[in-house]
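The chain contents come next:
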Amino acid sequence: QVQLVESGGGLVQPGGSLRLSCAASRIIFSLYTMGWYRQAPGKQRELVARITHGHDTDHADSVKGRFTISRDNAENTVCLQMNSLKPEDTAVYYCNAHTVLPTMPDYWGQGTQVTVSS
């Protein structure tokens, strides 16, 4: 019954901004590194950014300086602030929860569409 629900996607002009949110339910949030992935039609899913429970972050080279991942451990949420958006950022963005514990699986949200177009 673990659930990850993304929100905040939509249509935005090039150079604009969006803020994605992911709410996690029925999860021991402290055990998971949270991440944002994206997948464009016909393309492989790729890592955008990830953040540990201790707030260590990693951003893909393609989004460094433009996107910022954050998490609120009290609210079980992870966000992705996206600035200076480009058409190539267009994709479905997925929230991911990952743990190294072998007895616990990873989880994925259903995704939210981000379209960058003029």
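A quick note: this is a predicted structure, and the numbers were derived from the prediction, not measured. (Residues numbered from 1 in each chain as written. Predicted model: local features only at pLDDT ≥ 70, side-chain atom pairs only at ≥ 80, totals over all residues. Heavy atoms only, no water.)

K.L.:
Honestly, unusual backbone geometry in this entry has me stumped. Any pointers?
P.N.:
Backbone geometry follows two general trends: most residues other than glycine have a negative phi, and most peptide bonds adopt the trans configuration. Phi is positive for Arg26, which is not a glycine, with a value near 55 degrees. Turning to its location among the elements, Arg26 is positioned in the loop between strand S3 (18–25) and strand S4 (33–39). Classification of Arg26 by relative accessible area gives exposed; the value is 63%. (Helix = DSSP H or I, 4+ residues; strand = E, 2+ residues; numbered from the N terminus. Buried < 20%, exposed > 50% of the residue type's maximum accessible area, 1.4 Å probe, protein only.)

K.L.:
I tried to follow the environment of Ser84 on my own but got confused; where do I start?
P.N.:
Considering the arrangement of structural elements, one finds Ser84 in the loop between strand S8 (77–82) and strand S9 (91–98). Since its relative accessible area comes to 40%, Ser84 is described here as partly exposed. Residues Ser84 and Phe67 lie 17 residues apart in sequence; the distance between their C-alpha atoms is 8.4 Å. In contact with Ser84, not counting residues within four places along its chain, are Gly15, Gly16, Ser17, Arg66 and Asp89. (Contact = heavy atoms within 4.5 Å.)

K.L.:
What am I meant to see in the pairing of strand S7 (residues 67–72) here?
P.N.:
The side chains of a regular strand alternate, first on one face of the sheet and then on the other. Residues Phe67, Ile69 and Arg71 of S7 are buried on one face, while the alternating residues Thr68, Ser70 and Asp72, pointing to the opposite face, are not. Bridge count for S7 against S8 is six bridges, and the pairing is antiparallel. Residue pairing in the sheet places Asp72 in a bridge with Thr77 of S8. Here S7 folds back onto S8, and the loop between the two strands holds four residues, one of which, Asn76, carries a positive phi near 55 degrees. (Pairing = 2+ DSSP bridges.)

K.L.:
Hey, could you run me through the packing of aromatic side chains in this one?
P.N.:
Two descriptors summarise a pair of aromatic rings, namely the distance from one centre to the other and the angle between the planes of the rings. Applying the stated rule across the entire model yields two aromatic pairs. Here Tyr32 and Tyr107 contribute two aromatic rings whose centre-to-centre distance is 6.3 Å and whose plane-to-plane angle is 55 degrees, an arrangement assigned as tilted. Taken together, the residues Tyr32 in the loop between S3 and S4 and Tyr107 in strand S10 (residues 107–108) connect sequence positions 75 residues apart. Overall, Tyr32 belongs to the buried group, its relative accessible area being 3%. Residue class for Tyr107 comes out partly exposed when judged on its relative accessible area of 23%. For the ring pair Tyr37 and Trp108, a centre distance of 4.9 Å and an interplane angle of 65 degrees mean the geometry is edge-to-face. (Phe/Tyr/Trp six-rings, centres within 6.5 Å; stacked < 30°, edge-to-face > 60°.)

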